[in-house]
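Chain residues, written in single-letter form:
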Amino acid sequence: LNVSTAVAVEKEVAADSLGELFNHTRSAFLPYVAQATEELIPLTSHFYQGIRKSAIATLFTFINTLYDLSNPQPWVPGVAVKVPLIGVHSWLPRAHTAAPTAGSMLLAAVLLKLGTYGVVRLLVGPLGDGWRTLAPLVGVLAVIGIIWAGLVCLVEPSLKRVIAYSSVAHMGVVTIGIFTFNQQGLSGALFTMLAHGVVSGALLGAIALGFKAAAGE
């Protein structure tokens, strides 16, 4: 036999030996694996049920804590950013600039209103007179936002950013209406929210159409 034939024979013998070893090992351990699997399935099911019950209990505890309106402090930063009030408003122009037209329309017409809706639904409504202590501070921030955003709109070259800064001013007007704590102010705030949603969405659509017309599309 030449060298290549001898190597081929040795490989075949080695493969057969490994195959037999694997078959013997599988035959020896397969019953133990099957038994262990049968025993683990109930344990796994019990463990899963325990985890699920624990997760559900944790979720309900988190929801109860989240909706504990007797402690309003956790809500304040969120609604202030979402309105947005002056000082935490810088995300809005960037979002309008980076978003496509449809995203900007959705943001201006719908998503911004979640901030003021959160103020009415989660803070002012349930807490009532408890929010009167913050009314002067919120009113001052809203007035500053109205004036500052209006001045920025006079010099801002980007039309999308103009709408973003005008939205800061409009939502400041809405905030002032909410924090008057009377029916006329709340009704005016809700009407302004609806009007701003329609007008801002229409303006963004008109800007998109204008850009397409200028580009000859």
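Let us look at the structure shown here.

The rules behind the values
- Residues numbered from 1 in each chain as written.
- Predicted model: local features only at pLDDT ≥ 70, side-chain atom pairs only at ≥ 80, totals over all residues.
- Heavy atoms only, no water.
- Helix = DSSP H or I, 4+ residues; strand = E, 2+ residues; numbered from the N terminus.
- Buried < 20%, exposed > 50% of the residue type's maximum accessible area, 1.4 Å probe, protein only.
- Contact = heavy atoms within 4.5 Å.
- Areas by Shrake-Rupley, 256 points an atom, 1.4 Å probe, with all protein chains shown as cover.
- Phe/Tyr/Trp six-rings, centres within 6.5 Å; stacked < 30°, edge-to-face > 60°.
- Salt bridge = Lys/Arg side-chain N within 4 Å of Asp/Glu carboxyl O.
- Core = buried A, V, L, I, M, F, W, Y, C linked by side-chain atoms within 4.5 Å.
- Axes fitted to C-alpha atoms, helices over the stretch in contact; angles between N-to-C directions.
- Parallel < 35°, antiparallel > 145°, perpendicular 65-115°, else oblique.
- Nonpolar A, V, L, I, M, F, W, Y, C, P; charged D, E, K, R; others polar.

**Digging into the overall build of the protein**
- Each helix and strand counted, the protein has eight helices and zero strands in total.
- Sequence-ordered secondary structure for the protein, helices as α and strands as β, is α-α-α-α-α-α-α-α.
- Evaluated residue by residue, the protein yields a buried proportion of 29% over its 217 residues.
- Restricting the contact set of the protein to residue pairs at least 6 apart, pairs at least 24 apart contribute 72%.
- Just so you have it, the protein exposes about 13900 Å², and 72% of that area is on carbon and sulfur atoms.

**Remarks on the packing of aromatic side chains**
- By the definition in use, this model includes one aromatic pair.
- On the numbers, 5.7 Å between centres and 70 degrees between planes, the contact of Trp 148 with Tyr 165 is edge-to-face. A residue pair is termed long-range when its members are at least 10 positions apart, and Trp 148 in helix α6 (residues 135–155) and Tyr 165 in helix α7 (residues 159–178) qualify at 17 residues.

**Observations concerning the pattern of salt bridges**
- Enumeration over the complete set of coordinates arrives at one salt bridge.
- One salt bridge connects Glu 156 with Arg 161, and the closest N-O pair in it is separated by 3.5 Å.
- When its relative accessible area of 19% is taken as the criterion, Glu 156 is described as buried.
- In this structure Arg 161 comes out as partly exposed when scored by relative accessible area, which is 22%.

**Describing the nonpolar core**
- Core analysis: the largest hydrophobic core is formed by 18 residues, its most contacted members being Val 119, Val 124, Val 174, Ile 178, Phe 179 and Phe 181.
- Secondary structure elements with two or more residues in this core: α2 (75–82), α5 (113–127), α6, α7 and α8 (183–214).
- In terms of residue count, the dominant contributor to this core is α5 (four residues).
- Beyond its immediate stretch of four places on either side in the chain, Val 174 contacts Thr 116, Ala 189, Thr 192 and Met 193.

**Focus: the side chain of Thr 175**
- One can find Thr 175 in helix α7.
- Every residue in contact with Thr 175, bar those within four places of it in the chain, is listed here: Val 83, Leu 85, Thr 116, Val 138 and Ala 142.

**Let's talk about the packing of α7 against α8**
- Where α7 meets α8, the closest approach of the two axes is 8 Å, and the angle between their N-to-C directions is 175 degrees. Taken together, the axes of α7 and α8 are roughly antiparallel relative to one another. Here α7 contributes Leu 159, Lys 160, Ile 163, Ser 167, His 170, Met 171, Val 174, Gly 177 and Ile 178 to the contact with α8, which in turn contributes Gly 185, Leu 186, Ala 189, Thr 192, Met 193, His 196, Ser 200, Leu 203, Leu 204, Ile 207 and Phe 211.
- Class assignment for the residues of the contact of α7 with α8 results in 12 nonpolar, seven polar and one charged.

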